[in-house]
Amino acid sequence: MSETPDISKTKVVTLGCRLNAYESDVIAANARDAGESAAVVINTCAVTNDAVAESRRQVRKAARENPEARIIVTGCAAQIDPTMFADMAEVHQVLGNQEKMNPLSFGPDAPMERIRVNDIMSVRETAPQFMGSENALPIKSQSRSRAFLQVQNGCDHRCTFCIIPYGRGNSRSVPAGEIVGSVKSLVRQGYNEVVLTGVDLSSWGGDLPGTPPLGDVVRRILKLVPDLPRLRLSSIDPAEVDDVLFDLLVTDKRMSPYLHLSLQSGDDMILKRMKRRHSRADAVALCQRLKAARPEFTFGADIIAGFPTEDDAMFENSVSVVSEIGIPWLHVFPYSARQGTPAAKISPVDGNIVKARAKLLREAGAAEKAAHLQTRIGDEDEALFEETGLGRLPDFSMVKVDNPAEAGSLARVRITGATDTQLIGTLI
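Below you will find a few notes about this structure. Being a predicted model, the structure only gives us computed values, none of them experimental. (Residues numbered from 1 in each chain as written. Predicted model: local features only at pLDDT ≥ 70, side-chain atom pairs only at ≥ 80, totals over all residues. Heavy atoms only, no water.)

Remarks on the pattern of salt bridges
And step 1. What the rule picks out here adds up to 26 salt bridges.
And step 2. The residue Arg232 makes a salt bridge to Glu193 at a minimum N-O spacing of 3.0 Å. Note that Arg232 is positioned in strand E11 (residues 230–233) and Glu193 in strand E10 (residues 193–197), a separation of 39 residues in sequence. Residue Arg232 shares its accessibility class with Glu193, and that shared class is buried.
And step 3. One salt bridge in this structure joins Glu386 and Arg392, with 3.3 Å as the shortest N-O distance.
And step 4. Overlapping salt bridges, with partners in common, bring together Arg146, Glu193, Arg230, Arg232, Glu386 and Arg392 in one network. (Salt bridge = Lys/Arg side-chain N within 4 Å of Asp/Glu carboxyl O. Helix = DSSP H or I, 4+ residues; strand = E, 2+ residues; numbered from the N terminus. Buried < 20%, exposed > 50% of the residue type's maximum accessible area, 1.4 Å probe, protein only.)

Structural notes on helix H1 (residues 18–34)
And step 1. Relative to the 24 Å expected for 17 residues at 1.5 Å per residue, H1 spans 24 Å between its end C-alpha atoms, a close match to the ideal helical length.
And step 2. Burial analysis of H1 places 13 of its 17 residues in the buried class, the great majority of the element.
And step 3. Count one or two residues on from H1 and you reach Gly35, which has phi positive near 80°. (Expected span 1.5 Å × (residues − 1).)

Digging into the sheet that holds E11
Strand pairing in a sheet relies on backbone hydrogen bonds, with the paired strands running either antiparallel or parallel.
And step 1. With parallel pairing, three strands are arranged side by side in an open sheet as E7-E10-E11. In this open sheet, the two edge strands, each paired with only one partner strand, are strand E7 (147–150) and E11. Strand after strand, the sheet turns through a mean of 25° between neighbouring axes, direction not considered.
And step 2. One ladder, built from four bridges, connects E7 with E10; its direction is parallel. Residue pairing across strands places Ala147 opposite Val194, the latter belonging to E10. (Pairing = 2+ DSSP bridges. Axes fitted to C-alpha atoms, helices over the stretch in contact; angles between N-to-C directions.)

Describing the nonpolar core
And step 1. Counting residues in hydrophobic clusters, the biggest one holds 63 residues, and the most contacted among them are Leu196, Val218, Ile221 and Leu233.
And step 2. Ranked by the residues each element gives to this core, the list is headed by helix H6 (residues 176–188), at six residues. (Core = buried A, V, L, I, M, F, W, Y, C linked by side-chain atoms within 4.5 Å.)

The structure is reproduced here in structure tokens:
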């Protein structure tokens, strides 16, 4: 959970994913420009029942700490169940995921009806912040050293554990020309890294004329924005790395040698019961091909511990895939049933077993991270500094240096040591 910087009198509290964080920046900028005053926007998450409960807690907390503020609730949980939030005494207005991105939703002239939530499945256009090259986010609205750029929204797949398509709608893509224009604008503003993000990023282009693959827009960005130092992809499906994208990942040094995989499990039977579109072998083969062609490649992944019907042998397949691929940046999620999903109807694994398995997976990930960091000692590389003295290498390793380096800047560093969680280095 995070809170936007005070770029207006409106606070935005963010729960959930990177895309929500990006959209919170847009909300804050729109609210500022519209003259919205003394409001708190809760940008909710619906990925689990616990996330919904935390969203409600944040509503109550915001009301306690800001008794004079107008409380606006939006995001996936609000989109899926707007009445639940509208029934809370603390809430003044509920906005849907489409409405929250509209500048006209904020300010003294904005419509004030208590619930403004469209049928998200009827939405066909991309978010209204994409209006051309001059409309990329102004630099002050992004608190991070890198710029996250939403190029896709929604999802056409129906994984059995996931409620998000009902909060985000069907997959829809931003046209390549608008993406390139926005990247150019962000580079002019001084960003040294752009991260392409979306709900199902690898499905980009499926709804556009000619159904171009994701690699097509990546190639256009690299060709048409030659002064962009670094391009990174957010979470991607292992089943959808097209040939063009693969080639760019291993041949163009401006592409960060890092992929975060929506892996979810290392067991084929569990993957089938999740209705995922890749097998364990698919994911392993992709990572091995990438590392063979570009040895500095590293990987992150999401894995769910304790999905219904997961037995000890199935769980061990998830543990072993962490070391077989080599996943230093592992995100582990203890399975939590989400009401309204098919998986919620299946008898769950005992909660104590789920917690124990999540702990073991985190330990496996931590061991991979520590081992990977040791391999970087003695290297020289380029760091993007996220704050003074703390930078991120292209392979996603964090490096701490004593020398001052301005946040957002790129600088060459020499790696002199490592802890279990980060590298130690010095500016060259």
